[in-house]
Amino acid sequence: MYDLKAIIIGAGIGGLTTGIALKQLGYQVEIYDRTHQLRPAGAGISLWSNGVKVLNQLGLGREIAAIGGEMNRMEYRSHKDEPLSQIDLQPLFQTVGQRPYPVARTDLQQMLLDAFGAVEVQLGMKCIGVEQDKTSATAVFENGHRTSGDLIIGADGIRSIVREHVLGEAIPTRYADYVNWNGLVPALPELCEADNWVLYVGEGKRASMMPVGGDRFYYFFGAPMAEGSQVPPEDRRQELVEQFLGWPTAVQTLIQTLDPLQANRLEISDIDPPAHLAKGRIVLVGDSGHATTPTLGQGGCQAMEDAAMLARYLVTTNLSVSDALGRYEQARKARTSELVLKARRRTDTIYGKHPEMTEEWYEELKQEPPEAVTGALARIILGGPMG
Ligand SMILES: Cc1cc2nc3c(=O)[nH]c(=O)nc-3n(C[C@H](O)[C@H](O)[C@H](O)COP(=O)(O)OP(=O)(O)OC[C@H]3O[C@@H](n4cnc5c(N)ncnc54)[C@H](O)[C@@H]3O)c2cc1C
């Protein structure tokens, strides 16, 4: 179809990547976000090769390579500093044809905003509902503004308002029973080798560092916790000291190096895979359709795959907008649902929901050949539409 007007609600990874893809097709695109200043939730993100391939297709390959970290190896160590496994990632790159890029989220957001046109994103626009009839779809905003187009794309995250219209009901988020702390630190040699992604695991918790561009590590910690805990930024270092008492020297150095005032502290949630991703002229991309726990590092990558597939069906089929969105739903539902549920199982294993399974996993890590790890990563990457 040609000459469509698309309205996107949400300017996160999903909304911006979709906006770029649709603009490249010559469509008129409007993006609205409720925030007055776009600030990504979280410090870093690992874009696996399937996400990078979408960016390559959009002509952003050089830009992502310039801000991405060079991650060549992956290493698991125990909380007592025993080496559990060391994985050379080169065989993965050879299998899938593209290296992944861990990046600082602000760098990624800036790259996407530059590609879309930052001034064209309309901020301070909270969408409170969407409507549709046979010929158009309309987004309604809290300030009374209304805008209509051929389709509306709900890229409004885990607590999506657009999803309520698509499903006919609100669905609850599901707390994953753990807290994640994350941020950026300088890539000091005493923390980790510069091209290594290290994960310390034990006691149903983990602590990790991965290289992002600009000689920095993206660090994250995770530990099981009851819902509703709150710790002010100034107390977050002490919280980590207590949570990771007795863990290896590199972890202690990380805790002392990080800036607690800049450390994000998030209670992690996901949603059950919804029955639909589209209804008529209204469609969901990214977390609004399939918010996931981050233990596979695929949420943002799936949002990018969504963008590529939505663009593909809109431009290659010509019956109607709702027909194209139905095809998109069919292409994306099984893949995204499977990854949400897979990530959920992995989360439960990592964070000790069933302690005996977590202990078994620690044992497996010692015995698992590196090919098993790179093979599992390759299957996830190659299982998507980018091949
Ligand atoms: C700790 C953590 C680590 C992660 N690590 C990885 C990783 O390594 N790799 C990976 O691929 N993924 C990762 N993810 C997942 C990834 O961050 C998300 O899947 C991705 O950011 C989702 O993007 P989105 O655009 O769909 O939603 P969001 O980023 O949530 O953006 C939604 C936007 O919509 C706006 N909005 C919401 N409601 C409204 C409204 N009513 N009106 C207007 N605007 C609205 C919001 O302000 C926001 O800007 C991680 C997630 C977390 C929490």
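Everything quoted here is computed from the prediction, not taken from an experiment.

Asker: Quick question: what am I supposed to make of the overall build of the protein chain here?
Answerer: When you go through the protein chain residue by residue, the secondary structure sums to 13 helices and 18 strands. Relative to the 2.2 N^0.38 estimate, which gives 21 Å for 387 residues, the radius of gyration of the protein chain is 21 Å and therefore close to what a compact globule would have. Principal-axis analysis of the C-alpha atoms gives the protein chain an extent of 65 × 45 × 40 Å. The proportion of buried residues among the 387 residues of the protein chain is 47%. Summarising the internal contacts of the protein chain: among those between residues at least 6 apart in sequence, 75% fall at separations of at least 24.

Asker: What should I look at first to understand the sheet that holds strand 8 (residues 127-132) in this one?
Answerer: Sheet strands pair by backbone hydrogen bonding; their relative direction is either parallel or antiparallel. Pairing in this open sheet of three strands is antiparallel, and the strands run 8-9-10 from one edge to the other. Both edges of this open sheet fall to strand 8 and strand 10 (146-149), since each of them pairs with a single strand only. Taken pair by pair, the neighbouring strands of this sheet meet at an average axis angle of 20°, ignoring direction. Where strand 9 (residues 137-141) meets strand 10, four bridges bridge the pair, whose relative direction is antiparallel. Its bridge partner being in strand 10, Thr138 is matched across the sheet by Ser148.

Asker: So what exactly am I meant to see when it comes to the sheet that holds strand 13 (residues 196-202) here?
Answerer: Taken in spatial order, the seven strands make up an open sheet running 5-4-13-14-15-12-16, and their pairing is mixed. Where the open sheet ends on each side, the last strands, each with one partner, are strand 5 (83-88) and strand 16 (264-270). Across the sheet, the mean angle from the axis of one strand to that of its neighbour is 20°, orientation sign disregarded. Where strand 13 meets strand 14 (residues 205-212), five bridges bridge the pair, whose relative direction is antiparallel. The partner of Tyr200 across the bridge, within strand 14, is Ala207.

Asker: Can you walk me through the site of the ligand in this structure?
Answerer: Around the ligand, the structure places 34 residues, and the nearest of them are Gly10, Gly12, Gly157, Gly286 and Gly299. Mapped by element, the contributors of at least two residues to the shell around the ligand are helix 1 (13-24), strand 3 (44-47), strand 12 (174-186) and helix 10 (299-316). Taken together, the residues of the shell around the ligand break down into 13 nonpolar, 16 polar and five charged.

Asker: What's the story with the nonpolar core in this structure? I'm lost.
Answerer: Generally speaking, a soluble globular protein has its nonpolar side chains buried in company with each other. Counting residues in each nonpolar core, the largest one holds 109 residues, and the members touching the most others are Ile152 and Val283. What Val283 contacts, discounting residues up to four positions off in sequence, is Leu151, Ile153, Gly154, Leu277, Ala278, Leu310, Leu325 and Tyr328.

Asker: How do you make sense of the environment of Arg206 when you look at a structure like this?
Answerer: Looking at the element boundaries, Arg206 is found in strand 14. Sequence spacing of Arg206 and Arg77 is 129 residues, and the spatial spacing of their C-alpha atoms is 9.8 Å. Non-local contacts of Arg206, meaning those with residues more than four positions away in its chain, are made with Leu199, Tyr200, Val201, Gly222 and Ile350.

Asker: I would appreciate a short explanation of the environment of Gly213 in the present structure.
Answerer: Tracing the backbone through its elements, the reader meets Gly213 in the loop between strand 14 and strand 15 (216-224). It is 5.0 Å that separates the C-alpha atoms of Gly213 and Ile67, two residues lying 146 residues apart in sequence.

Asker: What's the story with the pairing of strand 15 in this structure? I'm lost.
Answerer: Consecutive side chains of a regular strand alternate in pointing toward one face of the sheet and then the other. Counting buried positions along strand 15 gives eight out of nine residues, so the element sits mostly inside the fold. As judged from the nine bridges shared by strand 12 and strand 15, these two strands associate in the antiparallel manner. Bridged to Leu184 within strand 15 is Tyr218. Note that strand 14 and strand 15 share seven bridges and pair antiparallel. Bridge pairing in strand 15 places Met209 opposite Tyr219. Connecting the antiparallel pair strand 14 and strand 15 is a turn made up of three residues, with Gly214 showing a positive phi of about 80°.

Asker: Even after reading the chapter, I still don't get the packing of helix 2 (residues 49-57) against helix 10, so can you show me in this structure?
Answerer: For any two helices packed against each other, the geometry is given by the interaxial angle and the distance between the axes. Across the interface, helix 2 lies against helix 10 with an axial gap of 8 Å and an inter-helix angle of 40°. When you trace helix 2 past helix 10, the crossing you get is left-handed. Contact with helix 2, carried on its side by Asn50, Gly51, Val54, Leu55 and Gln57, involves Gly300, Cys301, Met304, Glu305, Ala307 and Ala308 of helix 10 and no other residues of that element. Within the contact of helix 2 with helix 10, the residues separate by chemical class into six nonpolar, four polar and one charged.

How each quantity is defined
Residues numbered from 1 in each chain as written. Predicted model: local features only at pLDDT ≥ 70, side-chain atom pairs only at ≥ 80, totals over all residues. Helix = DSSP H or I, 4+ residues; strand = E, 2+ residues; numbered from the N terminus. Rg over C-alpha atoms; globule rule 2.2 N^0.38 Å. Buried ≥ 20, exposed ≤ 12 C-beta atoms within 10 Å, placed from the backbone. Contact = placed C-beta atoms within 7 Å. Pairing = 2+ DSSP bridges. Axes fitted to C-alpha atoms, helices over the stretch in contact; angles between N-to-C directions. Near = placed C-beta within 6 Å. Nonpolar A, V, L, I, M, F, W, Y, C, P; charged D, E, K, R; others polar. Core = buried A, V, L, I, M, F, W, Y, C linked by C-beta atoms within 7 Å. Left-handed = near helix turned anticlockwise from the far one by under 90°.

Any link to function would need more than the numbers given here.
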